[in-house]
Amino acid sequence: MKPSIITAVIVGLCAIIAFALIGNAYKYRSKTMETIVVTGLSEKDFNSDLIVWNGSYSRKSFDLKEAYSTLKADENAIRSYLLKKGIAAGNLQFSAVTINKEFSQQTNANGQYLSQQFSGYNLTQSVKIESAEVEKVDKISREVGELIQSGIEFNSSAPMFYNTKLNEVKMELLGKASADARARAETIAKNAGSSLGELKKATMGIFQITGKNSNEDYSYGGAFNTSNKNKTGSITIKMEFRAD
């Protein structure tokens with residue numbers, strides 16, 4: 001075979017391979033362009049159905065027995081107060097007593113440390129109220145200053161609010177977010193003169209719980225608000241469809 005013929009054959013083969021590669025590239029590009037990717041969003045307002053409220057109180061004395069006796073009297077008074085307010089006994093949890101032996105530092109006129117001196121026993125106890133009666137307990141938490149007026153140094157924490165049916169809320173939001181994503185994809189396909197094909201991929205976003213009408217920021221790991229009675233749940237879902 002002449003060299004010129006061999007050269008022509010090689011050139012021809014190269015041309016065929018090149019056209020095949022170009023054709024596959026356009027085919028791949030065409031398939032890529034036929035994909036519609038959208039993000040659906042769903043939000044829902046809901047109320048808390050569980051409240052958790054904590055408080056603590058303490059007594060201090062040089063005599064351990066005296067401090068303990070006074071602290072137990074406070075416990076009885078607090079229990080009686082909360083029961084009269086309508087909180088069920090089963091919703092009250094009193095902790096064990098914590099005992100701290102405290103000392104004060106003695107210094108000279110120049111502020112240099114000389115020694116430490118025993119300043120008394122500090123006994124602390126806490127109470128936890130966990131109840132489904134959210135409004136009632138929330139109201140009581142704001143009236144607890146009445147205990148202070150009776151001579152009890154009661155330190156009240158802000159109540160925390162929860163919803164025990166979050167899984168139901170999450171599933172509802174997920175369904176609505178999916179429907180929202182599909183509606184967006186259908187609109188895009190229609191405006192592009194195409195029709196929506198099968199779902200290729202779906203990725204759920206983070207479930208966020210924020211205070212209703214608050215300016216809370218969403219968290220990368222998911223916000224979980226416990227300070228507001230009324231909350232807003234939201235979720236996103238990213239969906240990828242084939243366009244026909």
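Residues numbered from 1 in each chain as written. Predicted model: local features only at pLDDT ≥ 70, side-chain atom pairs only at ≥ 80, totals over all residues. Heavy atoms only, no water.

Caption draft 1: Main features of the overall build of the protein chain. Across its full length, the protein chain carries five helices and ten strands. Looking at the protein chain as a whole, 28% of its 244 residues qualify as buried. Once local pairs closer than 6 in sequence are excluded, the contacts in the protein chain between residues at least 24 apart make up 76%. Summing over all exposed atoms, the protein chain offers an accessible surface of approximately 15500 Å²; the carbon and sulfur share of this is 53%. (Helix = DSSP H or I, 4+ residues; strand = E, 2+ residues; numbered from the N terminus. Buried < 20%, exposed > 50% of the residue type's maximum accessible area, 1.4 Å probe, protein only. Contact = heavy atoms within 4.5 Å. Areas by Shrake-Rupley, 256 points an atom, 1.4 Å probe, with all protein chains shown as cover.)

Caption draft 2: Representation of the nonpolar core. In this structure, Trp53, Ile78, Leu82, Ile129 and Phe154 are the most contacted members of the largest nonpolar core, which totals 23 residues. The leading source of residues in this core is helix H2 (residues 64-84), at five residues. Beyond its immediate chain neighbours, meaning those up to four positions away, Ile129 contacts Ile51, Val52, Trp53, Leu82, Ile87, Asn91, Leu92 and Val137. Counting 17 residues, the second largest nonpolar core, distinct from the first, contains Phe46, Ile209, Ile237 and Ala243. (Core = buried A, V, L, I, M, F, W, Y, C linked by side-chain atoms within 4.5 Å.)

Caption draft 3: A look at the pattern of salt bridges. Overall, the coordinates contain 18 salt bridges when judged by the stated rule. Taking the shortest distance from any N to any O, the salt bridge between Arg142 and Asp138 comes out at 3.4 Å. Of this pair, Arg142 and Asp138 both sit in helix H3 (residues 134-143), four residues apart, roughly one helical turn. Since its relative accessible area comes to 60%, Arg142 is described here as exposed. Take Asp138: its relative accessible area is 8%, and that puts it in the buried class. Between Glu172 and Lys176 there is a salt bridge, with the nearest N and O atoms lying 3.1 Å from each other. Here Lys176 and Glu172 lie together in helix H5 (residues 166-191), a separation of four residues that amounts to about one turn. Taking relative accessible area as the criterion, Glu172 reaches 31% and is therefore assigned partly exposed. One salt-bridge network, in which partners are shared between bridges, spans Lys85, Lys139, Glu143 and Glu146. (Salt bridge = Lys/Arg side-chain N within 4 Å of Asp/Glu carboxyl O.)

Caption draft 4: Region of the structure containing the packing of aromatic side chains. All chains considered together, the criterion is met by six aromatic pairs. Taking the centre distance of 6.4 Å and the plane angle of 20 degrees together, the rings of Tyr57 and Phe154 count as stacked. One end of the pair, Tyr57, is in strand S2 (residues 50-61); the other, Phe154, is in strand S6 (residues 154-156), and 97 residues separate them in sequence. In this structure Tyr57 comes out as buried when scored by relative accessible area, which is 1%. The class for Phe154 is buried, based on a relative accessible area of 5%. For the pair Tyr162 and Phe224, a centre-to-centre distance of 6.4 Å together with 40 degrees between the ring planes defines the contact as tilted. Highlighted residues: Tyr162 in strand S7 (residues 160-162) and Phe224 in the loop between strand S9 (208-211) and strand S10 (230-243), separated in sequence by 62 residues. Judged by its relative accessible area of 23%, Tyr162 is partly exposed. Joined through ring pairs, the aromatic side chains of Phe62, Phe103, Phe118 and Tyr121 make up one cluster. Its guanidinium or amino end placed over the ring of Phe118, Lys101 lies 5.6 Å from that ring's centre, counting from NZ or CZ. (Phe/Tyr/Trp six-rings, centres within 6.5 Å; stacked < 30°, edge-to-face > 60°. Lys NZ or Arg CZ within 6 Å of the ring centre and 35° of its normal.)

On their own, these measurements won't tell you what the molecule is for.
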